[in-house]
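# Per-entry structural report
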Amino acid sequence: MGRKRVSNDHWISGALIIILAALIFFVPSYGWDLRAWLSRTPGGPSGQTSTATDASSSEDQTLAAENDILASQLAELQVVASELPTSTAGEIRAMVYSRYPLNFRNQLLTNAGSDSGVASGAAVMFQGMLIGRVQTVFSNTSLVQTIFDNVFKMPVRIGSGGADGLLEGGSYPTIGSIAIGAAVAPGDIVYSAAPGIPYGLPIAQVVATSTSADSLFEQATLAFPYDVNNIETVLIMK
């Protein structure tokens, strides 16, 4: 009984092989279809599959790189979106380079230099406020001395009465050399009045006034509507 079953299996296998060979011989397209099917199987030829895999991997890497570039550009725009100024013909918009971990308040390095028309001594603005002036200019960058520099000094005027004063920089800038009895009060705006800087640029607001240690002048402490450490973009006046 077992021998008969084995014999039948051999006969059936032989018949299938003959039929398959006849189909391949008389209908060649079946042969190509069979070869293509075998090439897709794990045990079949792998040359075409390997080539397609390599091409797909290369495309994936290219797309990944492009996505990284777009993500970087999007992140830059999102960071500065809330403070992105609108420049005019008389201004140059510049990005501020990161200062981490030093994070100095007294200087900013921007990505605009002489190639963009930046000149030494030019006023530097943030959200309509004067924050400093250009100290050193390079071809593609410029160094800004802010009003938070200890050696920064600038003649200013205060309030609607236009009282004269001297802005003295530092971690907490103050106004000194105010004449005794000058009409200066908390809430008054301090604005620029120095040669080489456009007149009337707002700088800060007076918080309080007091008499200097030598009793010769009055002085004022100031409040600023921004944190210089968080500045990402500035306008440089031409």
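To start, this report covers the structure provided alongside it.

Reading the values: rules and limits
Residues numbered from 1 in each chain as written. Predicted model: local features only at pLDDT ≥ 70, side-chain atom pairs only at ≥ 80, totals over all residues. Heavy atoms only, no water. Pairing = 2+ DSSP bridges. Helix = DSSP H or I, 4+ residues; strand = E, 2+ residues; numbered from the N terminus. Phe/Tyr/Trp six-rings, centres within 6.5 Å; stacked < 30°, edge-to-face > 60°. Axes fitted to C-alpha atoms, helices over the stretch in contact; angles between N-to-C directions. Buried < 20%, exposed > 50% of the residue type's maximum accessible area, 1.4 Å probe, protein only. Contact = heavy atoms within 4.5 Å.

Looking now at the pairing of strand β4 (residues 129–137). Looking at chain direction, strand β3 (residues 123–126) and β4 are connected through four bridges and run antiparallel. Within β4, the residue paired with V124 across the bridge is G132. Hairpin connection, β3 to β4: the antiparallel pair is bridged by two residues, and Q127 has positive phi, about 50°. As paired elements, β4 and strand β5 (residues 142–146) share five bridges and run antiparallel to each other. Residue pairing in the sheet places R133 in a bridge with Q145 of β5. Turn length for the β4-β5 hairpin, with the two strands adjacent in sequence and antiparallel, is four residues.

Moving on, we come to the packing of aromatic side chains. A full pass over the atoms with the stated rule returns five aromatic pairs. When the ring of F148 is compared with that of F224, the centres are 5.3 Å apart and the planes differ by 55°; the resulting orientation is tilted. Taken as a pair, F148 in the loop between β5 and β6 (153–158) and F224 in the loop between β11 (217–223) and β12 (233–237) lie far apart in primary sequence, 76 residues in all. Each ring, one from F148 and one from Y226, has its centre 6.4 Å from the other, and the planes form 90°; the classification is edge-to-face.

The next subject is the sheet that holds β3. What the six strands build is an open sheet, ordered β1-β12-β3-β4-β5-β2; its pairing is antiparallel. Of all strands in the sheet, those bounded by a partner on one side alone are β1 (91–95) and β2 (107–110). Each strand axis lies, on average, 35° off the axis of its neighbour in the sheet, ignoring direction. Bridge analysis of β3 against β12 gives two bridges, and the strand direction is antiparallel. Along β12, the bridge assignment pairs M125 with L235.

Next up on the list: the sheet that holds β11. Strand order in the closed barrel made by the six strands is β6-β7-β8-β11-β10-β9, with antiparallel pairing throughout. Strand-to-strand, the axes of this sheet are offset by a mean angle of 40°, without reference to chain direction. Direction of pairing for β6 relative to strand β7 (residues 163–168): antiparallel, over a ladder of six bridges. Bridge pairing links R157 to D164 in β7.

What follows deals with the environment of S177. One can find S177 in strand β8 (residues 174–179). Judged by relative accessible area, S177 falls into the partly exposed class, the value being 39%. Those residues in contact with S177 that sit more than four places away from it in its chain are D164, G165, L166, F217 and E218.

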